[in-house]
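# Structural overview
Each chain, written out:
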Amino acid sequence: MTSKVDEALGYEQARDELIEVVRRLEAGGTTLEESLALWERGEELAKVCRRWLEGARARLDAALAEEEGEGDEEGAGDGAES
């Protein structure tokens, strides 16, 4: 479960911390317990990033749908009648 603090993180903050977690895991030299804690933190940060990206995608999709809807309204009535 993501904490309230994690929910308040901006995308860039969560991404940067996730990069640091991955770097530390790849470098090794941590105990099993430290590695597990880092892994769990990384999972939480990845969820935060995923939520931000899903929200951005939804906003983009909504803006594109709105733009397409406006384009359809402008084109209505332009049909040629014979």
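Calculation rules
Residues numbered from 1 in each chain as written. Predicted model: local features only at pLDDT ≥ 70, side-chain atom pairs only at ≥ 80, totals over all residues. Heavy atoms only, no water. Helix = DSSP H or I, 4+ residues; strand = E, 2+ residues; numbered from the N terminus. Contact = heavy atoms within 4.5 Å. Areas by Shrake-Rupley, 256 points an atom, 1.4 Å probe, with all protein chains shown as cover. Core = buried A, V, L, I, M, F, W, Y, C linked by side-chain atoms within 4.5 Å. Buried < 20%, exposed > 50% of the residue type's maximum accessible area, 1.4 Å probe, protein only. pLDDT = per-residue confidence, 0-100. Salt bridge = Lys/Arg side-chain N within 4 Å of Asp/Glu carboxyl O.

## Topic: the overall build of the protein chain
The number of helices and strands found in the protein chain is three helices and zero strands. For the protein chain, the succession of helices and strands along the chain, N to C, is α-α-α. Put simply, of all contacts in the protein chain between residues at least 6 apart along the chain, 75% involve residues at least 24 apart. For the protein chain, the exposed surface amounts to about 6600 Å²; the carbon and sulfur share of it is 54%.

## Remarks on the nonpolar core
Taken as a class, soluble globular proteins show a tendency for nonpolar side chains to be buried jointly. Counting seven residues, the largest nonpolar core consists of L9, A14, V21, L38, L45, V48 and C49. Residue assignment for this core shows that the elements contributing at least two residues are α2 (11–27) and α3 (32–75). The element best represented in this core is α3, accounting for four residues. In this view, L45 contacts L9, A14, E17, L18 and V21; residues no more than four positions away in its chain are not counted.

## A word on the confidence of the model for the protein chain
Residues at a pLDDT of 70 or more form 80% of the protein chain, whose mean pLDDT is 88. Mean pLDDT across the elements of the protein chain bottoms out in helix α1 (residues 4–8) (72) and peaks in α2 (97).

## A look at the pattern of salt bridges
Per the counting criterion, the structure on display carries five salt bridges. The residue D16 makes a salt bridge to R15 at a minimum N-O spacing of 3.1 Å. On the basis of relative accessibility, which here comes to 42%, the residue D16 falls in the partly exposed class. We classify R15 as partly exposed; its relative accessible area is 31%.

## Structural notes on the environment of Q13
Relative to the helices and strands, Q13 is located in helix α2. Q13 sits 35 residues away from V48 along the chain, and the two C-alpha atoms are 9.9 Å apart.

## Side note on the environment of E43
In this structure, E43 sits in helix α3. E43 sits 25 residues away from L18 along the chain, and the two C-alpha atoms are 8.6 Å apart.

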